[in-house]
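# Observations on the model geometry
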Amino acid sequence: MSILQYGFMQRAFLVGILLAVITPCIGITIVLKRMSMIGDALSHSSLAGVVLGLILGVNPVAGAVVMCIVAALGIEAIRKKIPRSEVAISIVMSAGIGLAGVLSGFVENGASLNSFLFGSIVSISEGELALVVVISVLVLAAVLFFYRELFYIGFDENAARISGVSVRNINFLFTILTALTVSIASRTVGTLIVSSMLVVPVACGMQMAKSYKGTLICAIIVAVCTTIAGLFLSYYAGLKPGGMIVLLEVAWFVVVMTVKSFNK
């Protein structure tokens with residue numbers, strides 16, 4: 001347990017566990033709404049915000065948060081005009097990739113940008129830790145407070161509207177929560193794999209439980225366990241933490257699917 005004597009690893013475990021709790025809370029609604037690719041669209045947009053922050057000399061994470069919110073609102077605006085989620089997501093993702101590609105040519109320190117591509121959870125600063133804690137608490141509080149409404153819009157927006165849920169306002173709130181979650185997760189696990197943390201634990205939970213609540217609890221357990229194991233393995237084996245965490249989540253999914261297939 002000597003791993004815990006280092007301040008940077010203590011911050012990594014705290015941030016990792018916080019993200020492991022909030023990503024399934026957002027991811028379950030994303031999966032139910034069949035918007036699994038929204039994580040990719042927002043993460044690529046967050047990269048554009050990171051690059052802009054590096055160019056302007058401001059906190060890259062703050063730039064990622066702002067750009068993620070703008071991109072998320074853009075997806076919602078396009079969905080109102082074109083009622084197909086995949087089209088809106090593809091357009092925003094293309095814009096994010098294009099903008100990040102153009103702006104990256106103006107970044108002098110390529111190493112800083114590379115840390116956002118593949119994540120750098122062990123290099124989280126005190127200020128970034130505080131930002132992650134604040135955003136995590138806000139996201140978790142909002143998810144718990146609007147639990148019923150998010151449950152309804154995840155399955156059927158028309159039925160939710162009939163039940164008295166303000167679908168437009170809840171969708172707006174969910175969009176902001178998703179943007180905030182993706183923006184802080186991009187810094188820790190990397191923009192290239194952040195969408196995996198939103199989807200894979202939920203996919204595992206769906207195979208392990210039969211109810212919405214059970215799926216969410218199982219997804220959080222999977223995310224927390226794989227995050228802790230991934231940090232330990234990456235520390236002692238000298239591997240990238242973000243990639244290790246996602247590979248463990250995928251491995252868990254494969255094991256669960258294999259066990260289910262033998263039990264049939």
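The structure this text deals with has already been given above.
Before going further, it helps to examine the environment of Phe-151. Mapped onto the elements, Phe-151 comes out in helix α7 (residues 147-155). Linking Phe-151 and Glu-128, residues 23 residues apart in sequence, is a C-alpha distance of 31 Å.

Turning our attention to α7. Looking only at α7, the buried set comprises Glu-149, Leu-150, Ile-153 and Gly-154. Looking down the long axis of α7, one finds its buried residues gathered within 135° of arc, a one-sided arrangement. Buried residues along α7 sit against α1 (7-32), α6 (126-145), α8 (157-162), α9 (167-189) and α11 (212-237).

With that out of the way, let us pick up the pattern of salt bridges. Proximity of charged atoms lets side chains of opposite charge pair with each other. A full pass over the atoms with the stated rule returns three salt bridges. In this structure, Arg-11 and Glu-126 form a salt bridge, with 3.2 Å as the shortest nitrogen-oxygen distance. Here Arg-11 is found in helix α1, whereas its partner Glu-126 is found in helix α6, with 115 residues between them in sequence. A salt bridge links Glu-149 to Arg-148, with the nearest nitrogen and oxygen atoms 3.6 Å apart.

We now examine the environment of Val-139. Relative to the assigned elements, Val-139 resides in helix α6. Sequence-wise, Val-139 and Leu-177 are 38 residues apart; in three dimensions their C-alpha atoms are separated by 5.9 Å. If we ignore the near neighbours within four places in the chain, the residues touching Val-139 are Ile-22, Ile-26, Leu-177, Leu-180 and Thr-181.

On to the state of the cysteines. By the definition in use, this model includes zero disulfides. Cys-68 takes part in no disulfide bond, and the closest cysteine sulfur to it belongs to Cys-25, at a distance of 18 Å. In this structure Cys-204 is not part of a disulfide, and its nearest cysteine sulfur, from Cys-218, lies 9.8 Å away. The class for Cys-204 is buried, based on a relative accessible area of 0%.

Cut-offs applied
Residue numbers here run from 1 along each chain, matching the order of that chain's written sequence. Local features in this predicted model are restricted to residues whose pLDDT is 70 or higher, and side-chain atom pairs enter the listing and the counts only when it is 80 or higher, whereas totals over whole chains, interfaces and linings include all residues. For side-chain calculations, the full set of non-hydrogen atoms in the structure is used, while hydrogens and water are omitted. Only DSSP runs of H or I with at least four residues qualify as helices, and only runs of E with at least two residues qualify as strands; both kinds are numbered from the N terminus onward. Exposed residues in this analysis have more than 50% of their type's maximum accessible area, buried residues have under 20%, and partly exposed residues fall in between, with area computed by a 1.4 Å probe over protein chains only. Arc, as used here, means the arc of the directions from the helix axis to the C-beta atoms. Throughout, a contact is declared for two residues whenever any of their heavy atoms are within 4.5 Å. Salt bridge, as applied in this entry: a Lys or Arg side-chain nitrogen positioned within 4 Å of an Asp or Glu carboxyl oxygen. Count a disulfide wherever a pair of cysteine sulfur atoms falls within 2.5 Å.

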